[in-house]
Amino acid sequence: MDIFTKNYLDGFMAEVIGRNPGEPEFHQAVREVAESVAPYITSAPYLMDLKVLERIAEPERIIIFRVPWTDDRGTIQINRGFRVQCSSAIGPYKGGIRFHPSVNLSIMKFLAFEQTFKNALTTLPMGGAKGGSDFNPRGKSDGEVMRFCQSFMTEMYRHIGADTDVPAGDIGVGGREIGYLFGQYKRLKNEFNGTLTGKGIAWGGSLLRPEATGYGLCYFAEQMLATRGAGFQGSKVNISGSGNVAQYAAQKAMRLGAKVQTLSDSDGFVYDPDGLDEEKMAYVFQLKNMMRGRISEYAKKYPTAQYFPGQRPWCVPCDIAMPCATQNEVEAQDAENIVKGGAICMAEGANMPTTPDAIRIIQGAGLLYSPGKASNAGGVATSGLEMSQNSMRQHWTAEEVDSYLRRIMSDIHAACLKYGTQEDGTVNYVKGANLAGFIKVAGAIVDQGLV
Ligand code: NDP
C-alpha cells in the first residue's frame, strides 16, 4: 500500500473510531472493508471527494427502543430493541434480526455494515440493515417468546415494510419467531405482504429458505476447492454451531461426500470420528429445532462421539473448517490449530467469525479462505427470492430455488475471482468480496447525489 493510501486509510479509521467510541466489532468490520477498498478509492479521487466510504460507515438511520413484556410468572421484563438501517443505495433495507444477550449497538452496526456489502454481492436489489434485541430466548416458554416478539414488533412495525425494510431471522430468530413477528405485523398494519422473510411455506415463505445459508456455503466452498482441484468427497469437515446455518451446512457437506466430524454450541463441542449420517442428522434437527436441547445430548445418544465442554472444535484436525456460530469464534490459537491440522480451506458460515489475527494466520499459511459476506450470502439471496415470489404472488419449486441459489453463489465466486485474483494467481476472497460489493454500492451512491 502506498503512503498516500495508507494516510487516507489511517485518517478514515481514526475518524470512524472517534465517532463511534466503544464499538470494537463495528471498527473491526469497517477496517476490514476499508483495507480492501482504500487503494481503489485513492485511485479514483472523486470517491474521496464525495466521501462515499465515509457515508456507508454512517448508518442512514438507527432506531433503539424499549421492549417491555411479561414473563410466565407475571414479572415485567425490559429489553432493548435495535434496527440499524445502514444503506438503501441499491434497494430496500434488508437484514436479519438477532435475539441474543450479547446484542448491543456495536454488534448491530457491524452486522448492518457487513450486510450492505453482502447484499450487493448477491446481484439482487437489496440494501443493508440488521436488528435485534438483548433478549435471551434460551429457556423461555413459547408464550414468553410470543409476548416478547409481539412487543418488539409493536415498535418496529412503523420502521419496516415490503418496499422499505424487510427483516429476516438470525441467531435466536428462526421459523417460530418469524411467525410471531409476522402475526403481530399483520395485525398492526392490516396488510398481508412480504415484509418479513423466512416465513412458513403455507403463508408466503420460500421453499429452501431454511436450508439456503448452509447449502449456499457448501456450494461456495465447492467452487473454492475446485480452484485447487479438490472437493468435499472424502474430506473431513469441522463445523461449529448447531443452529440453522450449521445444520444445513452439515447436511449438504455430508451429502457431497464429506465426513462431518464436529458440531458445537456455546457450552462445548461434539466430535464424532465416524461422521454424521442421515439418521444422526435427523436426530440433530429434532434435538435443536423441536426439543431445543444442547449439543452435548448428541454424545449421550451416540456413544462413539465425544463431548468436550467449554472447548471449540478447531483442535480436531480437518480438511475444511466451516465456522457457523458467531463473531470472533476463531481466534489466533484456533487458527494455528486449523493450520497444524492440515486444513486446505476455511469457508465462513457465520458473520465475521474469525479475528483479524486469525485471518492473517489462515491466509499466511496459504489456505483458501472466504469471508462470511461472500460464502454465507445464500441466505439473504434466498430471502430476496422469497421477496420476488411474494411480489409475483407465485411459489417456486425447490428445484427452481436451488438452481437460483447455485447460480448466485457461483456469480459471487466469480466476482471474488475478478476482483481478488492476485499477481501470483492466488485468490484473496476478502479483497475480492469487499471490492465487488463496494463498487456496486458506491456507484449507486454517486448516481443518487448527496442524500
Ligand atoms: P442459530 O441461533 O440458529 O444458531 C446459532 C448457533 O451458534 C447455536 O448453536 C449457538 O449456540 C451458537 N452460538 C451463538 N452464540 C455463540 C457464542 N457466543 N459462542 C459459541 N456459540 C455460539 O443462528 P444461525 O445459525 O442462524 O446463525 C449463525 C451465524 O450465521 C451467525 O453469525 C449469523 O449472523 C450467521 N448467518 C445466519 C444466516 C441465516 O440465514 N440464519 C444468514 C447469514 C449469516 P447456543 O445455542 O449455545 O447459543
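Residues numbered from 1 in each chain as written. Predicted model: local features only at pLDDT ≥ 70, side-chain atom pairs only at ≥ 80, totals over all residues. Heavy atoms only, no water.

*Asks:* Would you mind going over the pattern of salt bridges with me for this structure?
*Replies:* Pairing is possible between side chains that carry opposite charge, provided their charged atoms lie close to one another. Per the counting criterion, the structure on display carries 25 salt bridges. Among the ionic pairs, Asp-165 bridges to Arg-83, the shortest N-O distance being 2.6 Å. Of this pair, Asp-165 sits in strand 5 (residues 165-168) while Arg-83 sits in strand 2 (residues 76-87), and the two are 82 residues apart along the sequence. Here Glu-114 and Lys-373 are joined by a salt bridge, their closest N and O atoms 3.2 Å apart. Linking Glu-114 in helix 5 (residues 105-121) with Lys-373 in helix 14 (residues 372-375), this pair joins segments that are 259 residues apart in sequence. In the salt-bridge network here, residues are joined through shared partners; they are Arg-138, Asp-265, Asp-267, Lys-288 and Arg-294. (Salt bridge = Lys/Arg side-chain N within 4 Å of Asp/Glu carboxyl O. Helix = DSSP H or I, 4+ residues; strand = E, 2+ residues; numbered from the N terminus.)

*Asks:* It is not clear to me how the sheet that holds strand 5 should be interpreted in this structure. Could you clarify?
*Replies:* As summarised here, the arrangement of the five strands in space is 1-2-4-3-5, forming an open sheet in which the pairing is mixed. The open sheet terminates on both sides in strands that have one partner only, identified here as strand 1 (61-70) and strand 5. On average, adjacent strands in this sheet sit at an angle of 20° to one another, irrespective of strand direction. (Pairing = 2+ DSSP bridges. Axes fitted to C-alpha atoms, helices over the stretch in contact; angles between N-to-C directions.)

*Asks:* Quick question: what am I supposed to make of empty space enclosed by the protein here?
*Replies:* Over the atoms a probe the size of a water molecule is rolled, and this reveals where empty space is left. Counted according to the given criterion, the structure contains one cavity of 30 Å³ or more. In this structure, the largest cavity occupies an estimated 40 Å³ of space. As for the largest cavity, its lining consists of Glu-32, Glu-114, Glu-348, Met-352, Thr-354, Ile-359, Tyr-369, Pro-371, Gly-372 and Lys-373. Looking at the lining of the largest cavity, its residues break down into four nonpolar, two polar and four charged. (1 Å grid on protein atoms, 1.4 Å probe; cavity = no way out; pocket = protein on both sides within 12 Å on 5 of 7 lines; lining within 4 Å. Points joined across faces, edges and corners; volume = space filled by probe spheres on them. Nonpolar A, V, L, I, M, F, W, Y, C, P; charged D, E, K, R; others polar.)

*Asks:* I keep staring at the side chain of Thr-354 and nothing clicks. Help me out?
*Replies:* Examined against the element boundaries, Thr-354 turns out to sit in the loop between strand 11 (345-347) and helix 13 (356-364). For Thr-354, a relative accessible area of 1% translates into the label buried. Separated by 2.6 Å, the side chains of Thr-354 and Glu-348 make a polar contact. Contact partners of Thr-354, with chain neighbours within four places excluded, come to Gln-28, Asn-328, Val-330, Met-346, Glu-348, Ile-359 and Tyr-369. (Buried < 20%, exposed > 50% of the residue type's maximum accessible area, 1.4 Å probe, protein only. Polar contact = N/O pair within 3.5 Å; in protein donor to acceptor, adjacent residues only side chain to side chain. Contact = heavy atoms within 4.5 Å.)

*Asks:* Can you help me understand the sheet that holds strand 8 (residues 268-271) in this one?
*Replies:* Sheet strands pair via backbone hydrogen bonds, and the direction of the pair is either parallel or antiparallel. If you trace the seven strands from one edge of the open sheet to the other, you get 9-8-7-6-10-11-12, paired in mixed fashion. Strands at the two margins of the open sheet, each flanked by one partner only, are strand 9 (306-309) and strand 12 (368-370). When the angles between neighbouring strand axes are averaged without regard to direction, this sheet yields 15°. Relative to strand 7 (residues 259-265), helix 9 (residues 244-255) is tilted by about 175°, and along the sheet it contacts strand 6 (236-239), strand 7 and strand 10 (320-322).

*Asks:* So what exactly am I meant to see when it comes to the nonpolar core here?
*Replies:* Soluble globular proteins: nonpolar side chains tend toward being buried together. Judged by nonpolar contacts, the single largest core of 58 residues is most densely connected at Phe-232, Ile-239, Leu-263, Met-322 and Ile-412. Considering each element in turn, this core owes the most residues, nine residues, to helix 8 (residues 209-226). Residue assignment places this core across two domains, with domain 1 (61-192) and domain 2 (212-370) each supplying three or more. Residues within four places of Ile-239 in sequence aside, it is in contact with Ala-246, Ala-249, Ala-250, Val-260, Thr-262, Leu-263, Ser-264, Pro-313, Trp-314, Met-322 and Cys-324. Listed in part, the 40 residues of the second largest apolar core include Val-33, Ala-34, Ile-41 and Ala-120. (Core = buried A, V, L, I, M, F, W, Y, C linked by side-chain atoms within 4.5 Å. Domains from an automatic or database assignment.)

*Asks:* Looking at this structure, how should I read unusual backbone geometry?
*Replies:* Most peptide bonds take the trans configuration, and most residues that are not glycine carry a negative phi. Unlike most non-glycine residues, Lys-51 shows phi in positive territory, near 50°. Position of Lys-51 relative to the elements: it lies in the loop between helix 3 (45-49) and helix 4 (52-56). Take Lys-51: its relative accessible area is 47%, and that puts it in the partly exposed class. For Asn-190, which is not glycine, the phi dihedral falls at a positive 55°. Assignment of secondary structure puts Asn-190 in the loop between helix 7 (175-189) and helix 8.

*Asks:* Even after reading the chapter, I still don't get the domain arrangement of the protein, so can you show me in this structure?
*Replies:* For an interface, size is often stated in terms of accessible area lost upon the parts coming together. Under the domain assignment used here, the protein contains domain 1 (61-192) and domain 2 (212-370). Taking the mean C-alpha position of each, domain 1 and domain 2 sit 27 Å from one another. Facing ten residues of domain 1, the contacting portion of domain 2 comprises nine residues. Ranking the residues of domain 1 by area buried against domain 2 places Phe-110, Arg-138 and Arg-176 at the top, with a combined share of 53%. The residue Arg-138 makes a salt bridge to Asp-267 at a minimum N-O spacing of 3.0 Å. Residue composition of the side of domain 1 that touches domain 2, by class: four nonpolar, no polar and six charged. (Buried area = accessible area lost by both parts, 1.4 Å probe.)

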